[in-house]
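# What the coordinates show
Below are the chains, spelled out letter by letter.
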Amino acid sequence: MQGGAAVGATGGTSGAPGVGGNSGATSSGGAVSTGGGGGDGIGGASGSGGTSAASGGSAPDAGSAGSSSLDGGKSDAPTGPVVYVNSCSHVHWTATASASDQGDVAAHAIDGYPTTRWTTGRPQAPSQDYLQIDLGAAVTVSKVVLDNTGGSADDYPRGYSVFLSSDGTTFPNNVVNSIFFNPPGPVVSIPFAPQKAGAVKIVTGGQADVWWSVAEVRFDCQLASPPPAGAIDPYDPVTWKASANFTSPNYPSSNAFDSDPTTRWSSGQNQSGGERFRLDLGAAASVSQMTLDSGGADFPAAYMLEVSADGQAYEQVAAGAGASFTRIQFAQKNARYLRVTQTGMDPNHWWSIAEITIQP
Ligand SMILES: [Ca+2]
C-alpha cells in the first residue's frame, strides 16, 4: 500500500490536473475516453477502457445486477463478524506536538496521507521539539518510522530520542538516542528492542536551520493479544469494501479509502442524480460523521446519506449540498453500511471520492 501511495504521489502531479481535467473533458461529448485518457500513465489502458465505458458503461453499471448487488448486500451474515480494536492502526491514535506551523498540525502525522505533514515551523534545536503519539492501548512496539516520502525529505530530525510511556503522561523509558551525520533519506527508521507502550514520544536531538517535519509516523506494533481469526476493526479502512452503481473502470471504489488522496473513485459520468456509493465497514460500529474528500471539483452537487445495520433497511441520517471537502455530521448511529446518494445535477462534473473517513 505504501508502494502504491508512492506511485500515486508521483503520479499525483499529473493526477491532480487529471482530476480537474476530467471535468473539463467530460463536459464535451468525447467525454469518457478523454477523461479516461487524463489518467496519464494509465492513459493507454484507459483510452480503450474509456471507450468501452462509453458504450458499455450504461450496460454493466445501470444493469439490474449492479443495483441489486448494491442494495442487496451480498455478504450480509446473520451474525456479524467478531469486532476488535486495532490499536496498531493510526485510526485509533492521537497526536500532539510541542509546536506546529499553521495548518501543518500534529494530526497530519497520523492521518494515513503521505502528502500531508506535521511541521514544527522553526529551526531544530536539541530537545526543543517533540511529537507524541498516543496509541489508545498498551501494545508492543519495536520500531518507529518517520516517513517523508510525500515531501520534506530534508526536514529529518538531525538527532532524536525516543521515549515510551504507559500512561501518555510520564515517559520514563528512553529506548534510543541517535544523531545523523549524513542525510538518512526520506524514511527514518528507528528500531529498538520490543517493549510495551501506550504512547511514544520522539524528541529532537540536533541543531539545524531547517524545520522538523513528519508526513507519516508508523510503528512496528503488536497487539497485547492477537485478535481471533477473521476478526475485523470496522474503523480500519484496510478491511472496508465498497460498491457503486456507476464506476469508471479506471477509478475503482477501493481508491476512496486507500489512504492516498491522489487516487479516487469516480462515477465516470456527469452528475445527473441517483448515483450511489455504498461503504461496508465489515461490522456495525457507532458512527456520527463521514467526510468525503473529492480531491478537487468532482464533489456531489447534493447528497443524501443513509445508514444500515444489515444492508437491507436503510435510514436517512443527513442530506445537503456537497463541497470539495464534504463533512457530514449526524446523530450517532450503529451502522455497518453507509450509502451516499448524489441527488443533484452537475452537467460538467463526474462524482469522485478521493478519501472517505468516518468518526464514532
Ligand atoms: Ca484515495
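Residues numbered from 1 in each chain as written. Predicted model: local features only at pLDDT ≥ 70, side-chain atom pairs only at ≥ 80, totals over all residues.

In terms of residue burial, strand β4 (residues 159–165) counts as a mostly covered element, since five of its seven residues are buried. Bridge count for β4 against strand β6 (residues 187–204) is six bridges, and the pairing is antiparallel. Along β6, the bridge assignment pairs Leu164 with Val200. (Buried ≥ 20, exposed ≤ 12 C-beta atoms within 10 Å, placed from the backbone. Helix = DSSP H or I, 4+ residues; strand = E, 2+ residues; numbered from the N terminus. Pairing = 2+ DSSP bridges.)

Counting residues in hydrophobic clusters, the biggest one holds 32 residues, and the most contacted among them are Ala95, Ala109, Leu131, Ile133, Val144, Val200 and Ile202. Mapped onto this core, the elements with two or more residues apiece are β1 (94–97), β3 (130–147), β4, β6 and β8 (216–223). Dropping the residues within four chain positions of it, Ile202 is found in contact with Tyr130, Leu131, Val144, Tyr160 and Val162. Among the nonpolar cores identified, the runner-up in size contains 29 residues, and Val91, Phe277, Val287 and Ile356 belong to it. (Core = buried A, V, L, I, M, F, W, Y, C linked by C-beta atoms within 7 Å. Contact = placed C-beta atoms within 7 Å.)

Residues other than glycine predominantly adopt negative phi, and peptide bonds predominantly adopt the trans conformation. Of note, Gln102 is a non-glycine position whose phi angle comes to about 45°, a positive value. Structurally, Gln102 can be placed in the loop between β1 and β2 (118–119). According to the C-beta neighbour criterion, Gln102 is exposed, with 7 such atoms within 10 Å. Phi at Ser127 takes a positive value of approximately 60°, unusual for a residue other than glycine. For Ser127, the location among the structural elements is in the loop between β2 and β3.

With that out of the way, let us pick up the environment of Phe257. Structurally, Phe257 is set in the loop between β9 (241–244) and β10 (265–271). Its 23 C-beta neighbours within 10 Å are what place Phe257 among the buried residues. C-alpha of Phe257 to C-alpha of Trp240: the two residues are 17 residues apart in sequence and 7.8 Å apart in space. In this structure Phe257 touches Pro237, Trp240, Glu355 and Ile356, once residues within four positions along its chain are discounted.

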